[in-house]
Amino acid sequence: MSDWTPEAGNPPVSTPDEPVGGETAAAAPSFEPAGPAPLGVVRTLTGHAAVDARLERLADADHLPADGHIEVYEDVHRGLRAELTSLDSRPAAVPGPPGTAAAPGAPSAYDNTHDHRS
């Protein structure tokens, strides 16, 4: 419903060149993407050098437009995942003194089968 009546005159008409309400083109909102701006997120050190280096890489996204962030985020994610995976891997077997390591399936020096009857 409109408040315009024929007695009040012609309704205001705006064209693309003339914004309604006397706004100038400079004050009109821009639909261009904003430039890169740092988010100002503080990164706290974890004490694990490899993890801290990966998290520091996130600062590279501050200088990129939004469509460039995904590459940085994926790189950091891959690195953090690799660090976590390395924590799950078993350490290599530490060799003992010479002659103590038995081959798999070989009889041990101590036989506790209790098959020795007198």
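Right above here is the structure, for reference.
For clarity, every value in this text was computed on a predicted model and none was experimentally measured.

1. Remarks on the pattern of salt bridges
Thinking step 1. Taken as a whole and judged by the stated rule, the model has 3 salt bridges.
Thinking step 2. Close ionic contact of Arg 57 with Asp 60 constitutes a salt bridge, the shortest N to O distance being 2.7 Å.
Thinking step 3. Given a relative accessible area of 26%, Arg 57 falls into the partly exposed group.
Thinking step 4. A network of salt bridges, in which partner residues are shared, links Arg 57, Asp 60, Asp 75 and Arg 78.

2. Regarding the packing of helix 1 (residues 49-56) against helix 2 (residues 69-88)
Thinking step 1. Two numbers describe how helix 1 lies on helix 2: the axes approach to 9 Å, and their chain directions differ by 170 degrees. Regarding the angle of helix 1 to helix 2, the classification is roughly antiparallel. Counted together, Ala 50, Val 51, Arg 54 and Leu 55 of helix 1 and Asp 75, Val 76, Gly 79, Leu 80 and Glu 83 of helix 2 form the full contact between these two elements.

3. Some points on helix 2
Thinking step 1. Along its 20 residues, helix 2 runs 29 Å from first to last C-alpha, staying within 8% of the 28 Å computed at 1.5 Å per residue.
Thinking step 2. Among all positions in helix 2, only His 69, Val 72, Val 76 and Gly 79 are buried. All buried residues of helix 2 project into a common sector of 110 degrees when viewed along the axis, lining one side. When the buried face of helix 2 is taken as reference, the exposed residues oriented beyond 90 degrees from it are Glu 71, Arg 78, Arg 81 and Asp 88.
Thinking step 3. Buried positions along helix 2 lie against helix 1.

Parameters at a glance
- Residues numbered from 1 in each chain as written.
- Predicted model: local features only at pLDDT ≥ 70, side-chain atom pairs only at ≥ 80, totals over all residues.
- Heavy atoms only, no water.
- Salt bridge = Lys/Arg side-chain N within 4 Å of Asp/Glu carboxyl O.
- Buried < 20%, exposed > 50% of the residue type's maximum accessible area, 1.4 Å probe, protein only.
- Axes fitted to C-alpha atoms, helices over the stretch in contact; angles between N-to-C directions.
- Helix = DSSP H or I, 4+ residues; strand = E, 2+ residues; numbered from the N terminus.
- Parallel < 35°, antiparallel > 145°, perpendicular 65-115°, else oblique.
- Contact = heavy atoms within 4.5 Å.
- Expected span 1.5 Å × (residues − 1).
- Arc of directions from axis to C-beta.

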